[in-house]
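Residue-level structural notes
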Amino acid sequence: MSLSLREQLLQAGPATEKQAKQAERATSQHKHREVKGGKRPSTPTPAPPPARAAQQAAAAKLLRDQELNRKQQEKAERRARAAQLRQLVEQLRVPRPDSDDYYNFVDDGRIRRLPVTPDLRARIVAGTLCIVRSEGHYDLVPADVIERIRERDPGAIVASPAAGAAAAAPAEDDPYKDFVVPDDLTW
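Residues numbered from 1 in each chain as written. Predicted model: local features only at pLDDT ≥ 70, side-chain atom pairs only at ≥ 80, totals over all residues. Heavy atoms only, no water.

With respect to the overall build of the protein
Put simply, the rule is: A run of H or I in DSSP counts as a helix once it spans at least four residues, and a run of E counts as a strand once it spans at least two, with each numbered from the N terminus. The cut-offs for exposure are 20% and 50% of the maximum accessible area for each residue type, with area from a 1.4 Å probe on protein chains only; residues under the lower value are buried, those over the upper are exposed, and the others partly exposed. Contacts are assigned to residue pairs that have any heavy atoms within 4.5 Å of one another. Where accessible areas are quoted, they stem from the Shrake-Rupley method and a 1.4 Å probe; at the residue level, only the protein chains shown are allowed to cover.
Of regular secondary structure, the protein possesses six helices and five strands. For the protein, the α and β elements follow one another from N to C terminus as α-α-α-β-β-α-β-β-α-β-α. Taken across its 187 residues, the protein has 18% of its residues classed as buried. Pairs at least 24 apart in sequence give 43% of the contacts found in the protein among residues at least 6 apart. A total of about 14,700 Å² of accessible surface is found on the protein, and carbon and sulfur atoms cover 53% of it.

Notes on the sheet that holds strand β4 (residues 137-142)
Heads up, the condition is: Two strands pair if DSSP finds at least two bridges between them. The angle between two axes is taken between their N-to-C directions and runs from 0 to 180 degrees, where each axis is a line fitted to C-alpha atoms and a helix contributes only its stretch in contact.
Read across the sheet, three strands follow the order β4-β3-β5 without closing on themselves; strand pairing throughout is antiparallel. The open sheet is flanked by β4 and β5 (157-159), the only strands paired with a single partner. Each strand axis lies, on average, 40° off the axis of its neighbour in the sheet, ignoring direction. Sheet contacts for helix α3 (residues 50-92): β3 (129-134) and β4; angle to β4, the most-contacted strand, approximately 65°.

Overview of the pairing of strand β1 (residues 102-107)
Examined bridge by bridge, β1 and strand β2 (residues 110-115) share six bridges and lie antiparallel to one another. Bridging across to β2, D107 finds its partner in R110. Between β1 and β2, which follow one another and run antiparallel, lie two residues, and D108 among them has a positive phi close to 55°.

A short note on the packing of aromatic side chains
This is how the line gets drawn: Classification of ring pairs rests on two measures: the distance between centres of Phe, Tyr or Trp rings, Trp counted by its six-membered ring, which must be within 6.5 Å, and the angle between planes, read as stacked under 30 degrees, edge-to-face over 60 and tilted in between. By the criterion adopted, a ring carries a charge over it if an Arg CZ or a Lys NZ lies within 6 Å of its centre and within 35 degrees of its normal.
Counted by the stated rule, this structure contains one aromatic pair. Between the aromatic rings of F105 and Y138, the centroid separation amounts to 5.2 Å while the plane-to-plane angle is 75°, which identifies the pairing as edge-to-face. In this pair, F105 is assigned in strand β1 and Y138 in strand β4, connecting sequence segments 33 residues apart. Per residue, the accessibility class of F105 equals that of Y138, and both read buried. Seen from the ring of Y102, R113 lies directly overhead, with NZ or CZ sitting 3.9 Å from the centre.

Topic: the pattern of salt bridges
Cut-off, in case you're wondering: Every case where a carboxyl oxygen of Asp or Glu lies within 4 Å of a side-chain nitrogen of Lys or Arg is listed as a salt bridge.
One pass over the structure, following the stated rule, counts eleven salt bridges. For the salt bridge of D65 with K61, the shortest nitrogen-to-oxygen distance reads 3.0 Å. Linking D65 with K61, this pair stays in helix α3, spanning four residues, or about one helical turn. Note on D65: relative accessible area 32%, which makes it partly exposed. K61 gets classed as partly exposed once you look at its relative accessible area, which sits at 45%. A salt bridge links R152 to E151; the shortest N-O distance between them is 3.5 Å.

Focus: the nonpolar core
Condition: Among the buried residues, those of types Ala, Val, Leu, Ile, Met, Phe, Trp, Tyr and Cys that are joined through side-chain atoms within 4.5 Å form a nonpolar core.
Core analysis: the biggest nonpolar cluster contains twelve residues, these being V94, Y103, F105, L114, V116, L120, I124, L129, I131, Y138, L140 and V158. Elements that contribute at least two residues to this core include exactly β1, α4 (118-126), β3 and β4. Discounting residues that sit within four places of it in the chain, V94 has contacts with L120, L129 and L140. Among the nonpolar cores identified, the runner-up in size contains eleven residues, and V89, C130, V141 and I149 belong to it.

Examining empty space enclosed by the protein
What counts here: Method remark: on a 1 Å grid restricted to protein atoms, a set of points is classed as a cavity if a 1.4 Å probe fits but cannot get out and as a pocket if it is open with protein on both sides within 12 Å along at least five of seven lines; lining residues have an atom within 4 Å of a point. Grid points are joined across faces, edges and corners, and a volume is the space filled by probe spheres set on the points. Residues are grouped as follows: Ala, Val, Leu, Ile, Met, Phe, Trp, Tyr, Cys and Pro are nonpolar; Asp, Glu, Lys and Arg are charged; every other residue, Gly included, is polar.
Taken as a whole, this structure holds one cavity of 30 Å³ or more when the rule is applied. Of the voids in this model, the largest cavity is the one considered here, and its volume is about 40 Å³. Breaking the lining of the largest cavity down by element, the ones donating at least two residues are β2 and β4. With three residues, the single largest contributor to the lining of the largest cavity is β4. The residue inventory of the lining of the largest cavity, partitioned by class, reads five nonpolar, no polar and two charged.

Written out as structure tokens, the structure is:
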């Protein structure tokens, strides 16, 4: 049986194992280059015409620009609605009294409170005043402007007569439906 050249050199002793591996690696790289170098016929991939590529790039840029413009318009509309809401609340809010009596209400699962007088408390319970959240503050506004506020930001309304009427109706299976809690209860 004939031995490979590598094995013959290793047996004769003029080359070490490390030198044999390097030589083998060099020959394999040389063969790899020959195959890549074009000895085999390869099919070139057709490049897209420059005009078509330019059209595609222009169309993609147009779509990006339209999306960016739409987002900017939405942002401007939100800012305008927030400014309108702020102006509406500032013009129509009831001044806060200096009082030790508070009206407690729930907003986002937390109990909040507003200083009120007995007259303001009666107006809130009657539904002629509503609680509105604006810029992190709570204000009382007349109930007749609630629709204008709802148009700008429905989430700004914390307590209104419509919300109170819906909450006042107890459920059929409520075990405490016979024990109604009065609205003017101070806690």
